[in-house]
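Single-letter residue listing:
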Amino acid sequence: MKKKWWLGAWVITVLALLLNAASIYKYEVKTLRNETTTLEPYRGKLLLIVNIASRCAYTPQLGGLEKLYSTYSSRGFAVLGFPTNQFASQEPLAGSELEKFCKHKYGVTFPIFGKIDVSGVNINPLYHYLKNGISGVSQSEPIEWNFTKYLIDRNGFVLRKYSPRVKPEEIAADIEKFL
């Protein structure tokens, strides 16, 4: 009987460690001020992670993303913006310049992090996880452009991927469903 209890405890511990290791919270990212952090402060929240750019045809989506953030943040939802310059060099800004642009032009108050690569040989590990964390999606499926969106559950696992063509307001029903 003692052996069965010990084995059960061991299995539960291993599963808990595997689940924690496979979620987004362990990945290090840079803030706009170039400080290293993780996504641990967002544990337990429903997240929408978006690769953004200030000079893209989809940049007006920042306003819609802010509306989602302000509407649902009190219920445990957050939008996290990750600028990238990988698509037609559409993100020339960085740091406080980028922060100022997003805030003054689109009223953005949701967190924006430092520039990252979302594909290629220098892909940020967070985005490697996001790209591979969706069942039924090819691991080699590229991020097609700026404003690709990933909905992440409260445990840090990928629920859905949205094309850049999907407007933020079109995601509201899914946010409601998972909140």
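All figures in this text were calculated on a predicted structure; none of them were measured in a lab.

Tallying secondary structure elements over the protein gives 5 helices and 6 strands in all. For the protein, the residues scored as buried account for 46% of the 179 residues in total. For the protein, the proportion of contacts with a sequence separation of at least 24, taken over those separated by at least 6, is 68%. Put simply, the protein shows about 9600 Å² of open surface, and 56% of that area lies on carbon and sulfur atoms.

Let's shift gears to the packing of aromatic side chains. Within this structure, the stated rule accounts for 9 aromatic pairs. Ring geometry for Tyr-69 against Phe-110: centres 6.2 Å apart, planes inclined by 70°, an arrangement best described as edge-to-face. Here Tyr-69, found in helix 2 (residues 61–72), pairs with Phe-110, found in the loop between helix 3 (95–106) and helix 4 (125–132); they are 41 residues apart in sequence, far enough to count as distant. What makes Phe-110 buried here is its relative accessible area of 4%. Consider the rings of Phe-82 and Tyr-127, whose centres lie 6.2 Å apart with planes at 75°: the pair is edge-to-face. Here Phe-82 is found in strand 4 (residues 77–83), whereas its partner Tyr-127 is found in helix 4, with 45 residues between them in sequence.

Right, let's get into the environment of Phe-87. Take Phe-87: it is sitting in the loop between strand 4 and helix 3. Judged by its relative accessible area of 9%, Phe-87 is buried. Here the alpha-carbon distance between Phe-87 and Asn-146, two residues 59 residues apart in the chain, equals 6.8 Å.

When the terminal C-alpha atoms of helix 2 are compared, their 17 Å separation across 12 residues agrees well with the 16 Å that a helix rising 1.5 Å per residue should span. For helix 2, the set of buried residues is Gln-61, Leu-62, Gly-64, Leu-65, Glu-66, Leu-68, Tyr-69 and Tyr-72. As for helix 2, its buried residues are in contact with strand 3 (46–52), strand 4, helix 3, strand 5 (149–152) and helix 5 (172–178).

Definitions and cut-offs
Residues numbered from 1 in each chain as written. Predicted model: local features only at pLDDT ≥ 70, side-chain atom pairs only at ≥ 80, totals over all residues. Heavy atoms only, no water. Helix = DSSP H or I, 4+ residues; strand = E, 2+ residues; numbered from the N terminus. Buried < 20%, exposed > 50% of the residue type's maximum accessible area, 1.4 Å probe, protein only. Contact = heavy atoms within 4.5 Å. Areas by Shrake-Rupley, 256 points an atom, 1.4 Å probe, with all protein chains shown as cover. Phe/Tyr/Trp six-rings, centres within 6.5 Å; stacked < 30°, edge-to-face > 60°. Expected span 1.5 Å × (residues − 1).

By themselves, these are just geometric observations and shouldn't be taken as functional.
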